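If you want the building blocks of each chain, they are given just below.
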Amino acid sequence: MNNNVPSVDQSNRTVPINLRQSGPTPVEMLIDTRVRKSPYWELSHQAGCWKASIYNRMYHPRGYVKAEDGGMMVEYDALVNHVTLWNVAVERQIQVKGPDAEAFVNFVITRDATKIPPMRARYVILCNEDGGILNDPVLLRIAEDEFWFSLSDSDLMLWLQGVNVGHRFDVEIKEIDVAPVQIQGPKSVDLLVDLVGPAAAEIPSYGLMASAVGGCEVIISQTGFTGEKGYEIYLRDATLYAEQMWNAVVEAGKKHNLMVVAPAHHRRIAAGILSWGQDMDAETLPFQVNLGYQVPRKKTADYIGKRALETARDEINAGKPPYTHTLVGMKMDGRPIDDYAPDFWLIGPDAEAEPFGYVTSPWYSPELGVNIAMGFVPVHRAELGAELWVHLPDHYSDFVGTPVRALVVEMPFRPSVNPNQRERLKGSGLDAAV
């Protein structure tokens, strides 16, 4: 039981989520050599980056437009109406290469790696033996014998190397000097065509293309962290060519109103896209966070966590889920939430009761005209339409010291231009990927 907010049941966690409400603590980030600067770090600051966090032990730009100039909502407008450039080099690339690459990858991801053809990508998860989610990367299959894990915010290289100590697959596992940027927004395809030619317009969702941008060798994928039309450009030998490639994108983007921005968490929340470390972690089962479709029903090969995940699914089907809380989408009252939340804000069953859950990812959606959020609530209060009460900070509350009303709603909150796999499977009446 978590003693900092004892009314929230965290009995099924070994390390409870810290639910103390400390607020935006006034400290300055220390920039030193213990944390890596990406090849695009200085370029981001030249573009106006003033706010950063840490992601995969790298400095991660998280804000360009200051609050007095409109803040993140200005960046959001550029994303949904024009095209944006993001420094996402924090998505470190772990290469698995060798004769056993497919077999090894198939053992460490829940989905069936044998169904991924070369020059295609997939959103995947990797779990530990208890079924907890270790990472949810985009997996790129560059060749028959080569895969890249484009990481979310946890260090996967050491895990993969450690797994192979005991299993001895004939592969080499290492981080490579490849650093991605994202170009996201409705004009991203026009920008990409200007950069690499008309073939770019034919890249399918989660398809890959080898090309050159500004004379620099790249792999391009139609993927992104928004639900908008968008692409990622993976620059090879990034330490050498970061400026050359970045400047080529910026120059070509001028006629498309390109803006350098931070990852748009308000848009990824609307798309129901999860953020590792906020919405899930190594103590979270896929079934708790709308990732049950990542646990295939027809994969015969063994993989790490398979037994635990199949047991958990049987327990859920029997009406006895092996967890207390599950992730839901919420629409919330209150004033527009226009910045990153410094705490996991608390959720209660009514305005007067003790909290029983917590918000993970909140923001204001300009298109929906309402605050939206993901959050963990007890399983028995997760049904669509359930009324909840969220304890927002005073500057977002309708009335100081009073929680705001929220309703459980379906995710994604709005249709995606690029639907994710969960959306596509649901539309086909399926509950599991291959």
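**Student:** Could you clarify how one ought to interpret the packing of aromatic side chains in this entry?
**Tutor:** Ring pairs (aromatic) are described by centroid distance and by the angle formed between their planes. Enumeration according to the criterion identifies nine aromatic pairs in this entry. Taking the centre distance of 5.5 Å and the plane angle of 75 degrees together, the rings of phenylalanine 104 and phenylalanine 169 count as edge-to-face. With a gap of 65 residues between them, phenylalanine 104 in helix α3 (residues 101–108) and phenylalanine 169 in the loop between α4 (157–167) and β10 (172–175) connect regions that are remote in the sequence. Comparing phenylalanine 104 with phenylalanine 169 shows no difference in burial state: the two are buried. An aromatic cluster is built from Phe104, Phe107 and Phe169, whose rings are joined through pairwise contacts.

**Student:** Explain unusual backbone geometry here, please?
**Tutor:** Leaving glycine out, the prevailing phi sign among residues is negative, and the prevailing peptide bond configuration is trans. Residue proline 412 is bonded to the preceding methionine 411 through a cis peptide linkage, with omega at 0 degrees. Phi angles above zero are rare outside glycine, and aspartate 237 is one such case at about 50 degrees. Relative to the assigned elements, aspartate 237 resides in the loop between β14 (230–236) and α6 (238–253). The partly exposed category is assigned to aspartate 237, whose relative accessible area is 41%.

**Student:** Even after reading the chapter, I still don't get the nonpolar core, so can you show me in this structure?
**Tutor:** Generally speaking, nonpolar side chains in soluble globular proteins are found buried as a group. Within the largest apolar cluster, 83 residues are counted, with the highest numbers of intra-cluster contacts made by Tyr40, Ile233, Met245 and Val249. Considering each element in turn, this core owes the most residues, six residues, to α6. Excluding residues that lie within four positions of it along the chain, tyrosine 40 makes contacts with Asn87, Ala89, Ala179, Pro180, Val181, Leu235, Ala242, Met245 and Trp246.

**Student:** Mind showing me how you'd approach the sheet that holds strand β5 (residues 120–123) here?
**Tutor:** The strands making up a sheet are joined through hydrogen bonds of the backbone, oriented either antiparallel or parallel. Spatially, β5-β8-β9-β4-β10 is the arrangement adopted by the five strands of the open sheet, whose pairing is antiparallel. Since the sheet does not close on itself, it has two edges, and those belong to β5 and β10, each with one partner. In this sheet, neighbouring strand axes are inclined to one another by 20 degrees on average, regardless of whether the strands run parallel or antiparallel. As judged from the five bridges shared by strand β8 (residues 138–143) and strand β9 (residues 146–150), these two strands associate in the antiparallel manner.

**Student:** I'm lost on the pattern of salt bridges in this one. Help?
**Tutor:** If charged atoms from side chains of opposite charge come close, those side chains can pair. Summed over all chains, the structure comprises 20 salt bridges. Here lysine 51 ties to aspartate 339 by a salt bridge, and the two come within 2.9 Å at their closest N and O atoms. Taken as a pair, lysine 51 in strand β1 (residues 51–55) and aspartate 339 in the loop between β16 (325–332) and β17 (346–348) lie far apart in primary sequence, 288 residues in all. The buried category is assigned to lysine 51, whose relative accessible area is 18%. One salt bridge connects arginine 414 with glutamate 228, and the closest N-O pair in it is separated by 3.7 Å. Separated by 186 residues along the polypeptide, arginine 414 in the loop between β21 (404–409) and α9 (421–427) and glutamate 228 in the loop between β13 (216–221) and β14 bring together distant segments of the chain.

Reading guide: rules and limits
Residues numbered from 1 in each chain as written. Predicted model: local features only at pLDDT ≥ 70, side-chain atom pairs only at ≥ 80, totals over all residues. Heavy atoms only, no water. Phe/Tyr/Trp six-rings, centres within 6.5 Å; stacked < 30°, edge-to-face > 60°. Helix = DSSP H or I, 4+ residues; strand = E, 2+ residues; numbered from the N terminus. Buried < 20%, exposed > 50% of the residue type's maximum accessible area, 1.4 Å probe, protein only. Core = buried A, V, L, I, M, F, W, Y, C linked by side-chain atoms within 4.5 Å. Contact = heavy atoms within 4.5 Å. Pairing = 2+ DSSP bridges. Axes fitted to C-alpha atoms, helices over the stretch in contact; angles between N-to-C directions. Salt bridge = Lys/Arg side-chain N within 4 Å of Asp/Glu carboxyl O.

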